[in-house]
Structure formats: C-alpha cells, structure tokens
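In case you want the letters, here they are:
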Protein chains: 2
Amino acid sequence: MKIAVLGTGGGGRAHAARLAELGHQVAVGTRDPETTLARTEPDVMGNPPFKQWLADHPDITLATFGDAAASAELVINGIDGHNAVQALGAIADQLAGKVLIDYAVPYLYNPTTEHPWPTPWGVMPRLDPVDTDSLGEQIQRALPDTSVVKAFVTQEQDTVVDPARVAGGDHTTLIAGNDADAKQSVTHLLKSYGWHDILDLGTLHAARGMEMYAHLHSAIGFALGGPFGVKIQR
Amino acid sequence: MKIAVLGTGGGGRAHAARLAELGHQVAVGTRDPETTLARTEPDVMGNPPFKQWLADHPDITLATFGDAAASAELVINGIDGHNAVQALGAIADQLAGKVLIDYAVPYLYNPTTEHPWPTPWGVMPRLDPVDTDSLGEQIQRALPDTSVVKAFVTQEQDTVVDPARVAGGDHTTLIAGNDADAKQSVTHLLKSYGWHDILDLGTLHAARGMEMYAHLHSAIGFALGGPFGVKIQR
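Residues numbered from 1 in each chain as written. Chains lettered and ligands numbered in written order. Predicted model: local features only at pLDDT ≥ 70, side-chain atom pairs only at ≥ 80, totals over all residues. Heavy atoms only, no water.

Chemist: Any chance you could explain the relation of the copies chain A and chain B here in plain terms?
Modeler: Each of the two chain copies can be generated from the other by rotation about an axis followed by a shift along it. Rotating chain A by 180 degrees and translating it 0.0 Å along the rotation axis places it on chain B, where the RMSD comes to 0.0 Å. Those values place the two copies in the arrangement expected of a two-fold rotation axis. Taken as a fraction of all interface residues of chain A, those also at the interface in chain B reach 100%, which identifies the copy contact as same-surface. (Least-squares fit on C-alpha atoms with pLDDT ≥ 70 in both. Contact = heavy atoms within 4.5 Å.)

This is the structure in structure tokens:
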C-alpha cells in the first residue's frame, strides 16, 4: 500500500520505518525537503539529523507534504499539533477522499520554558483546543472530504508500531472517527503492527478525551521511567 | 478509625457504606443536615433521598462539614469540584493536621445543557482549572496545614470501593500528593478496599493529568456501556 507519513520527528520515523518493514511503499512528507536534508544537528527531541536516518532507510522517499499525500492511499499525520491544521488545510485537495490518521496533541508553546517540549513536570504545555473541541475535530472540519481517524495517541509511537515491547502486547489502543470504513482501515493497520485489543470510542468527539489524556500519560511515564501500556479491563 | 466523608452524592455514599462495613466509625458531612434530611426527591444523578439511604446505614452519622471533619482522623472529599475549594477552605481549622483524600473533578457548569452532569457526549462540561493547575493543588493551597492526596479519580467510586467487580481486581489505581506519610495512609486504605496495584504518580502536580483523564474515562465508559478498569502494564 502507498502510505504517506507527514512529519520527520521521532514518531513519524517510527511509523515510516515500520511500514516499510511491513512492505508498504512509504513517502515521508516535510514542509521543505531541501531544508530538512540540510540539517546537520539533532532535532529538539534529540533525534539525529533526518538525512542520516533516511540513508539508513533507502526504500523510503522524502517529498513535500503535498506530494507525499498526493501519491498515497493512506496518510498519517505526524505534524506537531500547533501547526497541523494550517499545514493539512493547505493540502486539502491532495488529502481528499483518503483516510488520515491523526495522533497529534495540541500543545501550545509554553513561553515560560526554553523549549516547548519536553518541559519539566509542573510546567506542562497547555492544550488548545481542550474540553469542548479537539485537534482531531479541527482537522476534520478543515478537511471535509477526508476521513479523519484519531489513533496512536495513548502510547509512545515506538510502542504503537511495536506493542509487544510492553507486556507481550497485552494492552489496549484506542481509535475514534466518524467514518466506519476508515476506522476499519486503521484497525487493519493496527493489527499488522501487532495490536490485538483495539477499542473503538465512537465518533471524533472522543478525540477530546484522547488528547486530554496526554498529561496523565506523561505523569505515568515520569513515575515509571520506562515504556508502559494501558490495558482496559472489562 | 474515625473517617469523615464530605458530600452526600453517590460517590460519598459508596465510600461511607464500605468504610462502615470495614469497621470504621463514619460521619457523612453535608452543608446543612436539616436540608439534606428534608429532601424527598432523588438527586440530580438519580440517587434516592439521603434520609432513606441513612436509614439503611444506622451506624453512619450525618453532621455539618465542619463537625464531621472535626471528629475525624481521615477525611474524604466528595464535594463536587465546582464548590470544593470554598467549602473546604471554610473548615480549614477542622482539617488542619489531617489527611484529606480528594477525588473531585473540577467540572464547570455547562450553560448549554439543562443539567451540569451528566451531559450528552459532545457537550462535556469544561474543566476549570485545567493544564497548568488542578483542583487538587487548589485545595492544597487553601489548606496549607492539611495533607491532600489525589486518589480515587480514575474509576467510578463503586469500583474504587470494590475493585474486584472488574477483572477480579486486576487493574491499577493512581495516587498523587506531596506528603509521603499521607500517601502511605491512603495506600493502606486502598489495600483494605481490595486494591493490589497502586501507582504513586509523585507530587500533586500529577493531579492535573488525573483530573484531565475524566473525558477519556467518560468516552471509554460510553463505548463499553459498563464498568471497566485501567491496568497500567509495565
């Protein structure tokens, strides 16, 4: 399958590498490929320069957001939450008629800290939107001809692409969206990643809760100091 | 042990009944006992009139918030989040030197719906505070001589007092607070309720994530339509 992963951060790289390993034809999208390839320093999260990563993944191509989306059947949004609506709205035509998986959390830049993320505990970035709207719903409104599915939100992306790294994969992943067929496609993808327990939370309204879980996820991660999974016990 | 449960709603009743069953001396606190006992209609959540419930629990006493707290060694806050800081601040002297367990979520009244709670999905009440502060921290600031522990937040209170009703009790409950001794007391109480997996998230900062989890909790509950637990898999 032709899949585009938009964004060159650690999460996007994890998906792109895993999807290529599973035999998909993967294009990574970025705002400006020349700028991305010219970087020689690690990014803000400490990931090595993208050019170096790309050299280790010769089957994966780099393109603009629009070109990557245009050639894909399924698109994964790994653009940071603060910029996602603007960047995706600009390529609405290339995303029309497709499934877009969104895992972004709408963190606002926190002016009291040097870097927006990661921030020390106690000065967590604010979420915007929060409570009565979600980034997932904002993206869906910006892309009326695309089927947005909120997924991959409640784990680190390294765990999303390889659930067996925690408790042999005995934990739960959550999805939400307005289009049942689109959710079926995402469920299929998650099963190929190794997920057994995929809980459908219903319409995109549930993206509010999925995004607002981010602070609890951080708190649990800080407490445990290592990877973990959330198993919903019925 | 002498324990006060402040609030006469379903959550407070669940704790009071279970604590009495465990042999504790329980006082339920309310703003005005005469008014509480005069009610003949079910409350907004559909719970039967408190007088009826009290008649079925003859070992439990009803008192004002202040009198209930004054006579207790440990206090559980079941006052709704919107009123908790004001109501607890007014009895700061009676709470001084004690452990206060807070499980409230700071829902704001939603003027677009007839009732603040429960609201239909899609018009969830807003949280205030959110992100950069929490109700737990607000309560701690209002009660500098009390040790506040945020707990009981990530389950229905019926499940908190009887974890075995879900998956034989194989799920996780979360606590946070600034005082290690106070958290030890709460851990002891949780074990007496039947909890085996109690995860300490650190200082009260973590109350932010615990409270913001409320929307995801609701979404999962709506999706499953029955009780569930969250097991943190390491």
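What follows picks up the thread again.
Chemist: What should I look at first to understand the interface of chain A and chain B in this one?
Modeler: One widely used convention gives an interface's size as the accessible area the parts lose upon coming together. Counting residues at the interface gives 40 residues for chain A, matched by 40 residues for chain B. Counting each side, the surface lost to burial between chain A and chain B is near 3100 Å², with a carbon and sulfur contribution of 68%. Linking chain A to chain B there are 0 salt bridges. Here chain A is connected to chain B by 9 residue pairs in polar contact (both at pLDDT 80 or more). Of all the secondary structure elements, the ones that give two or more residues to the side of chain A that touches chain B are β8 (197–200), α10 (207–212), α11 (214–224) and β9 (229–233) of chain A. The biggest single contributor to the side of chain A that touches chain B is α11 of chain A, with 6 residues. (Buried area = accessible area lost by both parts, 1.4 Å probe. Salt bridge = Lys/Arg side-chain N within 4 Å of Asp/Glu carboxyl O. Polar contact = N/O pair within 3.5 Å; in protein donor to acceptor, adjacent residues only side chain to side chain. Helix = DSSP H or I, 4+ residues; strand = E, 2+ residues; numbered from the N terminus.)

Chemist: It is not clear to me how the pattern of salt bridges should be interpreted in this structure. Could you clarify?
Modeler: Once the charged atoms of two side chains with opposite charge are near each other, the side chains can pair. The tally for this structure, following the rule as stated, stands at 18 salt bridges over all chains. The partner of E211 of chain A in a salt bridge is K150 of chain A, and the shortest N-O contact between them spans 2.6 Å. A residue pair is termed long-range when its members are at least 10 positions apart, and E211 of chain A in helix α10 and K150 of chain A in strand β6 (residues 147–150) qualify at 61 residues. Overall, the relative accessible area of 1% leaves E211 of chain A in the buried class. Note that R141 of chain B and D133 of chain B form a salt bridge whose closest N and O atoms lie 2.7 Å from each other. The network of salt bridges with shared partners includes D170, D197, K231 and R234 of chain A. (Buried < 20%, exposed > 50% of the residue type's maximum accessible area, 1.4 Å probe, protein only.)

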